[in-house]
Amino acid sequence: MAAERKDAIYIGTGLALGAGVGTALGSVVGAVTGDLALWVAMGPSLGAAVGLAIGAGLMAKREEAAARAGCCERCGYSLEGLRGGVCPECGAKAAAR
Ligand SMILES: [Zn+2]
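Nothing here was measured: the structure is a model prediction, and the numbers come from that model.

Scoring rules and cut-offs
- Residues numbered from 1 in each chain as written.
- Predicted model: local features only at pLDDT ≥ 70, side-chain atom pairs only at ≥ 80, totals over all residues.
- Heavy atoms only, no water.
- Helix = DSSP H or I, 4+ residues; strand = E, 2+ residues; numbered from the N terminus.
- Rg over C-alpha atoms; globule rule 2.2 N^0.38 Å.
- Buried < 20%, exposed > 50% of the residue type's maximum accessible area, 1.4 Å probe, protein only.
- Contact = heavy atoms within 4.5 Å.
- Areas by Shrake-Rupley, 256 points an atom, 1.4 Å probe, with all protein chains shown as cover.
- Lys, Arg positive; Asp, Glu negative; His and termini not counted.
- Charge placed at Lys NZ, Arg CZ, Asp CG, Glu CD.
- Donors = N, O, S within 2.8 Å, 3.2 Å for Na, K, Ca; no water.
- Tetrahedral: all angles 85-135°; square planar, octahedral: opposite > 155°, others 65-115°.
- Expected span 1.5 Å × (residues − 1).
- Bend = angle between axes of the 7 residues up to and from the residue.

Participant: Would you take a moment to explain the overall build of the protein for this structure?
Facilitator: Helix and strand counts for the protein come out as 2 helices and 0 strands. Relative to the 2.2 N^0.38 estimate, which gives 13 Å for 97 residues, the radius of gyration of the protein is 19 Å and therefore markedly larger than a compact globule would have. In terms of overall dimensions, the protein has a C-alpha envelope of 60 × 20 × 15 Å along the principal axes. Split into buried and exposed, the 97 residues of the protein put 23% on the buried side. At a minimum sequence separation of 6, the contacts of the protein that also span at least 24 residues come to 38%. For the protein, the accessible surface area stands at approximately 6300 Å², while carbon and sulfur atoms represent 66% of it. Charged side chains of the protein number 9 positive and 8 negative; the gap between the two group centres comes to 7 Å.

Quick look at the structure:
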C-alpha cells in the first residue's frame with residue numbers, strides 16, 4: 001500500500017536525518033568539550049532516536065489529519081458518504097461517523 005510506504009519514508013528519513021545531524025552535532029560538541037570519541041560515538045545514536053521520534057510523530061499527525069478530513073486512516077482514501085464499515089480502497093475498518 002502506498003500509505004505504508006509513506007510511513008516507512010517518514011521513519012527512514014527521520015532516522016537518516018537524525019543520524020546525520022547527530023554525527024555533525026556530536027563532532028562539534030566533542031570538539032568543544034574535548035570528549036570527541038564519546039560524542040562522535042553518541043551523536044548518531046542520539047540523533048537517530050530523536051529523528052525516529054519526529055518521524056513517528058509526523059506519521060501520527062498525518063493519520064490524524066486524514067481521519068479529520070473524512071479519509072481512511074490507513075490509505076487516505078476519501079470515505080465521504082460512507083457510513084462506517086470498511087474502506088473500499090484498502091479494506092481497513094473505517095471509523096463510524
Ligand atoms: Zn483505506
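So much for the structure itself; the text now carries on.
Participant: Teacher, can you tell me more about the coordination of the zinc ion here?
Facilitator: Each angle at a metal carrying four tetrahedral donors should ideally be 109.5 degrees, and each at a metal carrying six octahedral donors should ideally be 90 or 180 degrees. Around the zinc ion, the protein contributes the donor atoms Cys72 (SG), Cys75 (SG), Cys87 (SG) and Cys90 (SG), at 2.3 to 2.4 Å from the metal centre. Around the zinc ion sit 4 donor atoms; with metal-centred angles ranging over 107 to 115°, the donor geometry is tetrahedral. Between consecutive donor residues of the zinc ion, the sequence gaps follow C-x2-C-x11-C-x2-C. Cys90 shares its class with Cys87; the two are buried.

Participant: Sorry if this is basic, but what is going on with helix H2 (residues 36–68) here?
Facilitator: The α-helix advances 3.6 residues per turn, and as a result positions three or four apart in sequence lie on the same side. Taking 1.5 Å as the rise per residue, H2 with 33 residues should run 48 Å; its terminal C-alpha atoms sit 47 Å apart, in good agreement. The axis of H2 is deflected most strongly, by about 30°, at Met42, and proline Pro44 appears within four residues downstream. Taken as a whole, H2 has its buried residues at Gly43, Gly47, Ala48, Gly51, Gly55 and Ala66. After H2 finishes, the residue Gly70 shows a positive phi value of roughly 80°.

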